[in-house]
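The chain contents come next:
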Amino acid sequence: MPAAEHPLISLIDYSKVSYPVNETQWQWIQEFYSIGLKRNVNARFNYGQQSYDFNSGVLTFVSPLQFLKIEMNPEVEVEATGWLLLIHPDFLFGTDLAKKIKSYDFFHYAANEALFLSEKEEEVIVDLLKNIQREYQSNIDRFSQELIISQLLQLLIYAERFYERQFFTRKKTNMELVEQFEQVLSNYFNNGKALQNGIPSVTHIADQLHISANYLGSVLRMYTKQNTQQHIQHRLIEYAKEKLSTTHLSVSEIAYELGFEHPQSFSKLFKNKTNQSPLEFRQSFN
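Conventions and cut-offs
Residues numbered from 1 in each chain as written. Predicted model: local features only at pLDDT ≥ 70, side-chain atom pairs only at ≥ 80, totals over all residues. Heavy atoms only, no water. Buried < 20%, exposed > 50% of the residue type's maximum accessible area, 1.4 Å probe, protein only. Helix = DSSP H or I, 4+ residues; strand = E, 2+ residues; numbered from the N terminus. Arc of directions from axis to C-beta. Axes fitted to C-alpha atoms, helices over the stretch in contact; angles between N-to-C directions. Parallel < 35°, antiparallel > 145°, perpendicular 65-115°, else oblique. Contact = heavy atoms within 4.5 Å. Nonpolar A, V, L, I, M, F, W, Y, C, P; charged D, E, K, R; others polar. Pairing = 2+ DSSP bridges.

## Let's talk about helix α6 (residues 202-209)
Thinking step 1. Of the residues making up α6, those classed as buried are I205, A206 and L209. All buried residues of α6 fall inside an arc of 100° around its axis, so they share one side.
Thinking step 2. Just downstream of α6, H210 is the residue with a positive phi angle, here 60°.

## Comments concerning the packing of helix α8 (residues 228-246) against helix α10 (residues 263-274)
Thinking step 1. At their nearest, the axes of α8 and α10 sit 10 Å apart, and the two run at 100° to each other. For the element pair α8 / α10, the angle class is roughly perpendicular. Between α8, through Q233, L236, I237, A240, K241 and L244, and α10, the contact on the second element is made entirely by F266, L269, F270, K273 and T274.
Thinking step 2. For the contact of α8 with α10, the class distribution of residues is seven nonpolar, two polar and two charged.

## Section: the sheet that holds strand β3 (residues 33-39)
Thinking step 1. One open sheet accounts for five strands, arranged β1-β8-β3-β6-β9; its pairing is antiparallel. Whereas interior strands pair on both sides, the edge strands pair on one side only; in this sheet they are β1 (9-13) and β9 (115-116).
Thinking step 2. Note: β1 against strand β8 (residues 81-87), five bridges, orientation antiparallel. Looking across to β8, one finds that I9 is bridged to I87.
Thinking step 3. Across the sheet, helix α2 (residues 119-137) lies against β1, β3, β6 (58-62), β8 and β9, angled at about 125° from β1, the strand it touches most.

## Describing unusual backbone geometry
Thinking step 1. For H210, which is not a glycine, the phi torsion comes out positive at approximately 60°.
Thinking step 2. Relative to the helices and strands, H210 is located in the loop between α6 and α7 (213-224).
Thinking step 3. Here H210 falls in the exposed class, since its relative accessible area comes to 57%.
Thinking step 4. Located in the positive-phi region is N275, a residue other than glycine, with phi close to 65°.
Thinking step 5. Secondary-structure assignment places N275 in the loop between α10 and α11 (278-283).
Thinking step 6. Since its relative accessible area comes to 67%, N275 is described here as exposed.

## A short note on the pairing of β8
A regular strand places its side chains on the two faces of the sheet in alternate fashion.
Thinking step 1. In terms of burial, β8 is a largely internal element, six of the seven residues being buried.
Thinking step 2. By the bridge criterion, seven bridges tie β3 to β8 in an arrangement that is antiparallel. Looking at the pairing, K38 lines up with G82 of β8.

## As for the environment of T24
Thinking step 1. Mapped onto the elements, T24 comes out in the loop between β1 and β2 (25-29).
Thinking step 2. Residue T24 is classed as partly exposed on the basis of its relative accessible area of 38%.
Thinking step 3. Put simply, T24 and I70 are 46 residues apart on the chain and 8.0 Å apart in space, counted from C-alpha to C-alpha.

## Concerning the pairing of β6
Thinking step 1. With five of five residues buried, β6 lies mostly within the body of the structure.
Thinking step 2. Neither face of β6 is exposed, since V58, T60 and V62 on one face and L59 and F61 on the opposite face are all buried.
Thinking step 3. Where β3 and β6 come together, five bridges link them in antiparallel fashion. Residue pairing across strands places K38 opposite V58, the latter belonging to β6.
Thinking step 4. In this structure, β6 lies alongside β9, joined through two bridges in antiparallel fashion. Bridging from a neighbouring strand, V58 pairs with F116 of β9.

## Re the packing of helix α3 (residues 144-169) against α7
Thinking step 1. With their axes 11 Å apart at the nearest point, α3 and α7 run at an angle of 70° to one another. In terms of orientation, α3 lies roughly perpendicular with respect to α7. On α7, the residues touching E164, F167 and F168 of α3 are Y215, S218, V219, M222 and Y223.
Thinking step 2. Here the residues of the contact of α3 with α7 are counted per class, giving six nonpolar, one polar and one charged.

Set out below in structure tokens:
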């Protein structure tokens, strides 16, 4: 690759990227953000524990300090195309985007949760990428960073919009995911895992579904208006109500069964969600 034209931000034409012919695998942890629009790559791209084949145009987002791995297929020759925008965190320093960029969940999705773009959506993204490139290729002045940041922010907003469209167009698949989530949660409590392992974490549930915690949260918020943690707490309260109304177990015993280390924490959560203490709720059934 030629030398970078800007020390902190670069747009790479993926059709000009070449890999050493005597190597088929690379792995690394990068220290910068990357936004990739790739097509027809004869490789398997691994992000965390997931993998994805780039045989069509998709958009992916990778944050700093993520483990990445590429496995090339030497038996397949295709003409890879696309763009790769690399942004060092220092470029965002002193801007509102420095903090805001961390709030975009898609920077923490797994590779198989990439954004599939329509032709019109792809045109929008490519135009923004090229605008960024044109700006850093021109004479750098005091307006350059602000203009590039504004283009980058637009790109992220469009990505958010397109992801929301993808959630709707893949409604059947995502509704199945919500049902699987409910089933995994039910099995966790019904099989006594809460007593053994404690309250289920968001990460644990997402791992059982083989997706990233951020993607699971996005799907749940889209269809239920609640995040994963809120769903887990809601299910905890439902089980607690069932135990309080149908058994003679003490509040402490119920708390331990549901995975609480301290019964006081259970009572506090229960009252926060129901405006009643566990004993007050039980008494209402007597």
